Amino acid sequence: MSETGASPAKMKKLEAVPGNEASEGREYDPETQRALEDIDACQNEIDQLNEKASEEILKVEQKYNKLRKPNFEKRSSIIQRIPNFWVTAFVNHPQISAILEEEEEECLHYLSKLDVEEFDDIKSGYRIKFFFDENPYFDNEVLTKEFHLGSTGDPASHSTDIKWKDGHNLLHRFRQRTQQQQQQQPGGGERGSAGARKRPLELRSFFSWFCDHGDPSADEIAEVIKDDMWPNPLQYFLVPDIEVENGEGEEEEEELEEEEVDDNVVVVEEEIEEVEEEGPEDDEEEEEEDEDGQGEEDGEADE
């Protein structure tokens, strides 16, 4: 032990593992050094297993993506038999509906099909395809937004150039409204009544999202469509019906409770009225009985 009472091992801070630049120049007692080397070797084995697991998981995902594809195609063909299926699902989704302008919602009534395709190498990216019937807004039949790894290895994205029809450029209209709102409220206060929907200060719409490629790695809407909407859109199409079904029992119970309370109130009120009505008559009868009784007593006394 040292003069301070602390062991040499405790006097050294184990801030790095062997081979780390931060640990260069540090000295450890032989036992600690061997332990650190063993930990480092063990960690290398774990990293190798993790890498192997990732490769195996990728193969499984690729396999089941192929197996799921016919089911997705069958589902898409069935969905086309339901009018306004996709726009209903979008409007019922909390995150997607938050960026939908009223005019965009009208436009999405022409959305007939949605498709999400993951690349063979799933880690490298995916694309979202929106299929539209003929509509008054643009000439494109398919709008695609794709996410992939760029030449530098960083996430990147690009989307179809929308061929807007004259006077129906929804993206241009949205940007004009946004500029007007910012001019009206330069201090960043509460929004005026110009916007049809409330949203945070960072204003976005559906088509501004579609054309935005600023930060593909943080594209929450794309992730929501790929990982939440696409796997099971039926749950969002049926949201109002599900809420009604879940609320029916509760509403019926509340109505029954209210009826029971009302019946009790009526019964109590009726009892009070009966008591009030019977009260004076009973008093009169009691007085008459008392008088009759007194008269009989007086008669007996006279005799």
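It should be noted that the structure appears before, not after, this text.
Residues numbered from 1 in each chain as written. Predicted model: local features only at pLDDT ≥ 70, side-chain atom pairs only at ≥ 80, totals over all residues. Heavy atoms only, no water.

Concerning the overall build of the protein
Per the secondary structure count, the protein includes 10 helices and four strands. Each helix (α) and strand (β) of the protein, taken in turn from the N terminus, gives the series α-α-α-α-α-β-β-β-β-α-α-α-α-α. Relative to its 303 residues, the protein shows a buried fraction of 25%. Partitioning the intrachain contacts of the protein with sequence separation of at least 6 by distance along the chain shows that 55% fall at a separation of at least 24. Of the roughly 21500 Å² of accessible surface on the protein, a fraction of 46% belongs to carbon and sulfur atoms. (Helix = DSSP H or I, 4+ residues; strand = E, 2+ residues; numbered from the N terminus. Buried < 20%, exposed > 50% of the residue type's maximum accessible area, 1.4 Å probe, protein only. Contact = heavy atoms within 4.5 Å. Areas by Shrake-Rupley, 256 points an atom, 1.4 Å probe, with all protein chains shown as cover.)

Comments concerning a negative patch on the surface
Together, Asp47, Glu51, Glu55 and Glu56 line one region of the surface with negative charge. As for its position among the elements, Asp47 is in helix α2 (residues 30–79). (Patch = residues over 30% accessible without salt bridge, like charges linked within 9 Å, V, L, I, M, F, W, Y side chains within 5 Å. Salt bridge = Lys/Arg side-chain N within 4 Å of Asp/Glu carboxyl O. Lys, Arg positive; Asp, Glu negative; His and termini not counted. Charge placed at Lys NZ, Arg CZ, Asp CG, Glu CD.)

A look at helix α6 (residues 170–184)
The terminal C-alpha atoms of α6, which comprises 15 residues, lie 21 Å apart, in line with the 21 Å expected from a rise of 1.5 Å per residue. Considering only its buried residues, α6 is in contact with α5 (102–107) and α7 (206–211). (Expected span 1.5 Å × (residues − 1).)

Thoughts on the nonpolar core
Membership of the largest hydrophobic core comes to 38 residues, with the highest contact counts inside it found for Phe90 and Phe130. Once residues lying within four places of it in the same chain are set aside, the contact partners of Phe130 are Phe90, Leu111, Lys113, Leu114, Glu141, Val142, Leu143, Phe206, Trp209, Phe210 and Ile225. (Core = buried A, V, L, I, M, F, W, Y, C linked by side-chain atoms within 4.5 Å.)

Some words on the side chain of Glu146
Positionally, Glu146 belongs in strand β3 (residues 142–149). Among the polar contacts listed, one links the side chain of Glu146 to the side chain of Arg127, at a separation of 3.2 Å. Not counting the four nearest positions on each side in its chain, Glu146 is found in contact with Phe119, Tyr126, Arg127, Ala156, Ser157 and His158. (Polar contact = N/O pair within 3.5 Å; in protein donor to acceptor, adjacent residues only side chain to side chain.)

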